[in-house]
Amino acid sequence: MSRNDRQSFLCVGIVALSVVLVAAPPAAGQCLGDTTGATCLCVDGTSNPTICAKWTGQGEPDHPDDFTVDFECTGCSTQPDIELSTGGTSAAPLTWTLWSFDDADAYDLGNIGDITIDATTLSDDFDVKIERPGPGPGAWDVKSINLHDETNWTGHSNITGGAIWGNLTGDLTVIEDTSFDGGSVDLTIYGSVEGTLTIENLVQLTVGSVAAGGVINIETIDGTPGVTSLVVLDDVAGAINITTFDGGQGNSPAEITVGGDVTGTGTIDIVSMVGDRIAFLPPPGPPELQIDGSVSGTLSFGTVVNADISIGDSADMTNGNLSGDIVVTGTLSITHVQVWGDVTSSGRITVADMDSGGYRGWYSGILLNGAHGDMGGRLVLDNGIPFEQEVEISGLLTSTGFIDLKGKDVVGRLEIEHGGSGAIVNGGIITATGTPGEGSCFYVDCEVILGSAVGDTFSGQASFTGVASDGVIIAQDVDGSIKFVGDMAGTFAINGTLGGTGNVYITGNLTSTGTLSVGEDVTGDIDITGDHDGTIAVTGSLTRPGRIMVNGGADGDIIIGELNGALTLITMLAVEGWVRPRAS
C-alpha cells in the first residue's frame, strides 16, 4: 500500500474537524488532532513534523522536564526523536500517548524517530501508546522504540496500544521487571518490521510483513487472559521466534496468523506450543498457527501438544504448498499438521515423535488435504507412526516423494489415498497393537493404504520389516515393489491387479495367520523366501509373466481363479498344501 493510498484510507470518516485545527499552530494546552478535549503538549517542528504528547498524569506534561523532542540530531528533521523521563508507579500507573503530524495538518501523519526513556526516578514504569487521539495511527514511519533505560533503572515498560501506519525500521524493546510485571506489547504496524522486536509478553501484535532481516522475538504468548494474537498481514521473509506459545484456557485460542507466505528466507521457530484440550471447563482453546499462503522457508518446533498447525486456506485448497521445511524436534502430541496443498520435491517434514499424550482417542496427524494433496518431498518420522497416530496423503506419493520410517513400526495409520511412484523405506512392523494397557486402535483405523479407489496404482517401492497377525496393508493396483524383510503374519489385500512390473517379496515366512489376496489378475511376481503356511488367493487369473514362487516349505493354500493352463508359473520346493482353482 502506498503512502497516498494509506493517507486516503486514514481520512475516511474524518470529516467533522474544524478548519481552525488545520490552520492553528500547535501550542501547549492544545491537543492538535485530538477530538477528546484532553490537555497535552505539542512541540512544533515548524516545517518539520510536529510531535504531540499527552499522559494520564495530572495536567499537561512538561517539555523538557517530562519528555523531550529532538529535531537537531542526524535525520531528526524529518523523524524527530522522543525521550521520556517521567513514568508511573504500580500505585499510580501512567500512560504516555504520542503522535506525529506534518506541519499543522491534523490529517497528515508525520514520522517519529527513536522513542526512548531516561528515567528520572529509577523505579518508574513506562507505558506508551502510539495513537492519534480519536483514535487513529500515531505516526507514519517510526525508527525504533527502546523502552529500556540501561543504567540502574528497575522499572518495567509496555506498549499499550496504537498503530504505526508505515514501517518500523529499527528495533523495539520492552522490559519485564524482577517481579515479572511489564514487558507486554499491544501494537499494530501496518507496514513492515525491518528491525528486531523483543517482547516478553504478547497482548496483540499485527504487522504488515516481516522483511528479510526483520526479527520478532516473543518470550510468551498466553491465551489464558483472552484472545492473544500475532498477525502478519502479508509475507514473512524474516524470523519469528517464540519461546512459549500457550493456548491457555480462554474461550478463544491464542493465534498466530500469516496472511501471505513464509518465503525462502522466512523462519518461524516455536520452542513450546501447548494447549489444554483436556481441561474442558472453561472451554479450552488450542493454540493455532495458520499460514494462508505457501511455505518455502522453515517452520521449526520443539514440543507441540494439543495445537493446530495449518498451511494454506482450507476453503481454497490450492495455495498451501510446502517447498521448505517443517521440523519437530520434540513430541507432536494431540496435534494435526495440515498442508492444504502439495509438498513439492524440495519440501521436507521431519518429526521426532508423535503420540496420543496418554489419552485414549486423542491423536496426532500429518495431513495433506489440498486439491492434489501430493507428497513430492521427504517425510521423515523418527519414531514411525505410533499408536493411534496417522499420516494421510490425500493425493499421490509422487516419483520424488520419500517416506522414511527410520526402522520403527506402523501402529497407527499410513494412507496414500491414490498410490503413486515414490518410496517408503525403513518401515518396521505393521500392527494394530498399541502400547501395553491401551489395547488396539480406537480412534484411527490402524492400517497401511497404498491406493483406495479403482484406478489408483502404487508403482513405487515400499519396504517393511513385516506384518503382525493383526496388521493390515491394502492397495488397489500394484505395479511397484512391496517388500517384507521378515514374516507376513497379517492381511495384505491387493483389491485390483498385481501388474507385470509389480512384485511382492516376503523374505521371511507367510505364516499360518497370513493372507495375501489379489482381487483381480496377477501378471507380476509373488516371491516367498521362507515358508508358506498361510493363504495366497487370486480371484482373477495367474498369467505370464506372472509367477508365484516359494523357496521354503509350503504347507498353506494357493487358490487361483484361473491358471490359464500355466501351472509352471507356480514354483515350490516342498508342497504339503493345496494348489487349486477357486470354486466358481
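Residues numbered from 1 in each chain as written. Predicted model: local features only at pLDDT ≥ 70, side-chain atom pairs only at ≥ 80, totals over all residues. Heavy atoms only, no water.

1. Side note on the overall build of the protein
Scanning the protein from N- to C-terminus turns up 2 helices and 45 strands. Classification of the 584 residues of the protein by burial places 53% in the buried group. The contacts in the protein between residues at least 6 apart in sequence include a share of 56% that link residues at least 24 apart. Carbon and sulfur atoms form 51% of the exposed surface of the protein, whose accessible area is close to 22,000 Å². (Helix = DSSP H or I, 4+ residues; strand = E, 2+ residues; numbered from the N terminus. Buried < 20%, exposed > 50% of the residue type's maximum accessible area, 1.4 Å probe, protein only. Contact = heavy atoms within 4.5 Å. Areas by Shrake-Rupley, 256 points an atom, 1.4 Å probe, with all protein chains shown as cover.)

2. Re the sheet that holds strand β35 (residues 477-478)
Consider a sheet: its strands pair through backbone hydrogen bonds, and that pairing is either parallel or antiparallel. Here we have 3 strands laid out as an open sheet, ordered β29-β32-β35, and parallel in their pairing. The strands lining the two open edges of the sheet, one partner per strand, are β29 (419-420) and β35. Bridging between strand β32 (residues 457-458) and β35 involves 2 bridges; their strand directions are parallel. Bridging from a neighbouring strand, Thr457 pairs with Asp477 of β35. (Pairing = 2+ DSSP bridges.)

3. What about the pattern of salt bridges?
Enumeration according to the criterion identifies 4 salt bridges in this entry. In this structure, Arg413 and Glu447 form a salt bridge, with 2.7 Å as the shortest nitrogen-oxygen distance. Of this pair, Arg413 sits in strand β28 (residues 413-416) while Glu447 sits in strand β31 (residues 447-450), and the two are 34 residues apart along the sequence. Exposure class is identical for Arg413 and Glu447. Each is buried. When salt bridges with common partners are traced through the structure, they connect Arg413, Glu415 and Glu447 into a single cluster. (Salt bridge = Lys/Arg side-chain N within 4 Å of Asp/Glu carboxyl O.)

4. Some remarks on the state of the cysteines
By the definition in use, this model includes 2 disulfides. Across the disulfide from Cys42 sits Cys52; the S-S distance is 1.8 Å. Between Cys42 and Cys52, the S-S torsion sits near 100°, and that sign places the bridge as right-handed. Separated by 10 residues along the polypeptide, Cys42 in strand β1 (residues 41-43) and Cys52 in strand β2 (residues 49-55) bring together distant segments of the chain. Each member of the pair Cys42 and Cys52 is classed as buried. At a sulfur-sulfur separation of 1.6 Å, the disulfide partner of Cys73 is Cys76. (Disulfide = S-S within 2.5 Å.)

5. Here we look at the confidence of the model for the protein
Summarising the model, the protein shows a mean pLDDT of 85, and 82% of its residues fall at 70 or more. pLDDT under 50 marks residues 279-283. Its contacts with residues more than four places away, or in other chains, come to 9 contacts. Counted against residues more than four places away or in other chains, residues 580-584, with its pLDDT under 50, gives 11 contacts. (pLDDT = per-residue confidence, 0-100.)

6. Observations regarding the environment of Ile130
When you line up the elements, Ile130 lands in strand β7 (residues 126-130). Note: C-alpha distance between Ile130 and Ile112 (18 residues apart in sequence) is 10.0 Å. If we skip the residues at most four places from it in the chain, Ile130 touches Leu98, Ile115, Gly138, Ala139, Ile145, Gly161, Gly162, Ala163 and Ile164.

7. Focus: the packing of aromatic side chains
Counted under the stated rule, the structure contains 6 aromatic pairs. Both rings, one in Trp55 and one in Trp96, keep their centres 5.1 Å apart while their planes meet at 50°; by these two values the pair is tilted. Of this pair, Trp55 sits in strand β2 while Trp96 sits in strand β5 (residues 95-102); the two residues are 41 residues apart in sequence, bridging distant segments of the chain. Relative accessible area serves as the criterion here: at 14%, Trp55 is assigned to the buried category. Classification of Trp96 by relative accessible area gives buried; the value is 0%. Ring plane angle 65° and centroid distance 4.4 Å describe the contact between Trp165 and Tyr190, whose orientation is recorded as edge-to-face. Of this pair, Trp165 sits in the loop between β9 (157-164) and β10 (172-173) while Tyr190 sits in strand β11 (residues 184-193), and the two are 25 residues apart along the sequence. We classify Trp165 as buried; its relative accessible area is 3%. (Phe/Tyr/Trp six-rings, centres within 6.5 Å; stacked < 30°, edge-to-face > 60°.)

8. What about the side chain of Ser157?
Structurally, Ser157 can be placed in strand β9. Ser157 gets classed as buried once you look at its relative accessible area, which sits at 0%. A polar side-chain atom of Ser157 sits 3.0 Å from the main-chain amide nitrogen of Ile175. Other than its neighbours up to four places away in sequence, Ser157 contacts Phe126, Leu147, Val174, Ile175, Gly182, Gly183 and Ser184. (Polar contact = N/O pair within 3.5 Å; in protein donor to acceptor, adjacent residues only side chain to side chain.)

9. Description of the side chain of Asp125
Along the polypeptide, Asp125 turns up in the loop between β6 (112-117) and β7. Here Asp125 is buried and forms no salt bridge, its nearest opposite-charge partner Lys129 lying at an N-O distance of 17 Å. A polar side-chain atom of Asp125 sits 3.1 Å from the main-chain amide nitrogen of His156. In this structure Asp125 touches Gly87, Gly88, Thr89, Ser90, Gly155 and His156, once residues within four positions along its chain are discounted. (Lys, Arg positive; Asp, Glu negative; His and termini not counted.)

10. Describing the environment of Asn201
Mapping Asn201 onto the fold places it in strand β12 (residues 196-210). A sequence separation of 21 residues divides Asn201 from Phe180, and the C-alpha atoms of the two residues are 9.9 Å apart. Sequence-distant contacts of Asn201, defined by excluding residues within four places in its chain, comprise Glu176, Gly182, Gly183, Ser184, Val185 and Thr220. Reaching out from Asn201, the side chain makes a polar contact with the side chain of Glu176 at a distance of 3.0 Å. For Asn201, the side chain forms a polar contact with the main-chain oxygen of Gly182, separated by 3.1 Å.

11. A word on the pairing of strand β25 (residues 378-381)
Across a regular strand the side chains alternate sides, sitting on one face of the sheet and then on the other. In the sheet, strand β23 (residues 348-355) pairs with β25 via 4 bridges, with the strands oriented parallel. Along β25, the bridge assignment pairs Thr350 with Val380. Two elements, β25 and strand β27 (residues 402-404), share 3 bridges in a ladder whose sense is parallel. Across the sheet, residue Arg378 finds its bridge partner in β27, namely Phe402.

12. A few points about unusual backbone geometry
Glycine aside, negative phi is the norm for most residues, and most peptide bonds take the trans geometry. Residues His63 and Pro64 are joined by a peptide bond in cis, for which omega reads 20°. Checked against the element boundaries, Pro64 lands in the loop between β2 and β3 (67-70). Backbone geometry places Phe180, a non-glycine residue, at a positive phi of 65°. Relative to the elements of secondary structure, Phe180 occurs in the loop between β10 and β11.

13. Let's talk about the environment of Leu542
By the element assignment, Leu542 lies in the loop between β41 (535-541) and β42 (547-554). When the C-alpha atoms of Leu542 and Glu520 are compared, they prove to be 9.2 Å apart, with 22 residues separating the residues in sequence.

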